[in-house]
Amino acid sequence: MPKALITGINGQDGSYLAEFLLEHDYEVVGMARRSSTDTMGRIAHIADQLELVQGDLLDQSSVNALIDQHQPDEVYNLAAQSFVPTSWSQPVLTGEVTGLGVTRLLEAIRYVKPDTRFYQASSSEMFGKVQEERQSETTPFWPRSPYGVAKVYGHWITVNYRESHNLFAVSGMLFNHESPRRGLEFVTRKISQHVAQIKLGLTDKLPLGNLDAQRDWGFAGDYVKAMWMMLQQKEADDFVIGTGETHSVREFCEIAFSHVDLDYEEFVVRDERFYRPAEVDVLLANPDKAGRVLGWEPQVDFNSLVTMMVDADLELLRKEHGL
Ligand code: NAP
Ligand code: G4F
């Protein structure tokens, strides 16, 4: 039975990846940091099938101990300070966790179990001010946030450990992926949750920032499969994962509101607090290499993603409020 260690197991992607690996007969060990409140909601339904262990990417000794004690065949590094706006208010923390945290894991693997296969969760935020209309594995980076800068570091240190120490270390450059388990502060989930609240009469406004920003949005459940596929290849290599379609925040709103027979223009209000010091205007993946080499393709289209998220939030709120 292969053994996988997932950092950030209680995050959106960690929960889908854990499900996927369990279905594929892996022994799954999940690293999460200690918290004074329960942060395990996303994995509560599979908790009895996992081994959960405490650790923090800020703490080298906890990371070393995990690799030593569990001797994983595969490590998926999904842990990060992942919210872009927070990276302007906490740039040093973001650099420590999202950037240097990658090196801490790679160092542990290098010294303790160098045949471990390593996946780094890189991001389309690295492309930032895009240098090509469709971003591929060869598009130069121009990050626009401290988060994006930290991810560029994480990407290159992964490549560097592959080249310097011959580790099987890969970087998945994933474009935005969403789901009903997405954190409430990200724009897609913020919209789906507010649409459901408005429909049920629980609120009457949705404050948003830049409606013209465009993203290549896919479904998180599809994207975790690509992570696994990357670690099953003969050679370690880096891949862009996305849908090859881009849509604006406005389009997301239009579809989400019209799904419950409402007009977004009556409810969305502009709020300066949600604009960013430097914006990533448009992201659009060129996932050709992933299709060709991995045989990966997204299964959920944009419209289905939006309606899936709105339906899930409606169901959740109805249960919560007994409606
Ligand atoms: P997420 O839901 O925000 O999950 C992040 C995880 O990292 C959480 O489990 C969090 O734990 C953990 N974490 C934060 N700081 C940590 C620390 N110091 N030590 C250990 N764990 C820590 O993010 P996601 O959407 O699942 O994304 C997974 C990864 O992919 C992240 O690295 C993200 O940057 C990257 N990524 C995401 C996307 C996307 O669109 N979702 C696209 C490209 C790349 P707590 O619950 O304790 O905070
Ligand atoms: O949903 P977002 O916060 O995601 P963002 O910044 O694209 O980052 C996500 O995707 C990255 C991959 O490219 C990941 F690496 C990263 O970890 C994270 O998962 O914002 C999307 C867009 C932005 O252009 C933002 O300006 O939505 C715009 N937006 C407009 N109003 C808003 C809001 N974003 C948020 N969070 N909240 C708003 O009210």
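Reading the values: the criteria
- Residues numbered from 1 in each chain as written.
- Chains lettered and ligands numbered in written order.
- Predicted model: local features only at pLDDT ≥ 70, side-chain atom pairs only at ≥ 80, totals over all residues.
- Heavy atoms only, no water.
- Near = heavy atom within 4 Å.
- Polar contact = N/O pair within 3.5 Å; in protein donor to acceptor, adjacent residues only side chain to side chain.
- Areas by Shrake-Rupley, 256 points an atom, 1.4 Å probe, with all protein chains shown as cover.
- Helix = DSSP H or I, 4+ residues; strand = E, 2+ residues; numbered from the N terminus.
- Nonpolar A, V, L, I, M, F, W, Y, C, P; charged D, E, K, R; others polar.
- Axes fitted to C-alpha atoms, helices over the stretch in contact; angles between N-to-C directions.
- Parallel < 35°, antiparallel > 145°, perpendicular 65-115°, else oblique.
- Left-handed = near helix turned anticlockwise from the far one by under 90°.
- Contact = heavy atoms within 4.5 Å.

Chemist: It is not clear to me how the site of ligand 1 should be interpreted in this structure. Could you clarify?
Modeler: Around ligand 1, the structure places 24 residues, and the nearest of them are Asn10, Arg33, Asp56, Ser82 and Tyr147. One nitrogen or oxygen atom from the main chain of Leu78 is found 3.0 Å from an oxygen atom belonging to ligand 1. Lys151 places a polar side-chain atom, nitrogen or oxygen, 2.9 Å from an oxygen atom of ligand 1. Alone, ligand 1 offers 900 Å² of accessible surface; in the complex the protein occludes 89% of this. Residue assignment for the shell around ligand 1 shows that the elements contributing at least two residues are helix H1 (12-23), strand E5 (117-123) and helix H5 (146-165). With three residues, E5 is the largest single contributor of residues to the shell around ligand 1. Of the residues contributing to the shell around ligand 1, the split by class is 10 nonpolar, nine polar and five charged.

Chemist: Quick question: what am I supposed to make of the packing of helix H2 (residues 60-70) against helix H4 (residues 91-112) here?
Modeler: In a pair of packed helices, the angle between the axes and the distance between the axes together describe the arrangement. Contact geometry of H2 with H4 gives a least axis separation of 9 Å together with a crossing angle of 40 degrees. Judged by the angle between their axes, H2 and H4 are oblique. Judged by the sense of rotation from one axis to the other, the crossing of H2 with H4 is right-handed. Contacts from Gln60, Val63, Asn64, Ile67 and Asp68 in H2 reach Arg104, Leu105, Glu107, Ala108, Ile109 and Val112 in H4. Grouping the amino acids of the contact of H2 with H4 by side-chain chemistry returns six nonpolar, two polar and three charged.

Chemist: What should I look at first to understand unusual backbone geometry in this one?
Modeler: Negative phi values dominate among residues other than glycine, just as trans dominates among peptide bonds. In this structure, Asp25 is a non-glycine residue whose phi angle is positive, near 60 degrees. Within the secondary structure, Asp25 is located in the loop between H1 and strand E2 (27-32). The phi torsion at Gln71 lies on the positive side, around 45 degrees, for a residue other than glycine. Assignment of secondary structure puts Gln71 in the loop between H2 and strand E4 (74-77).

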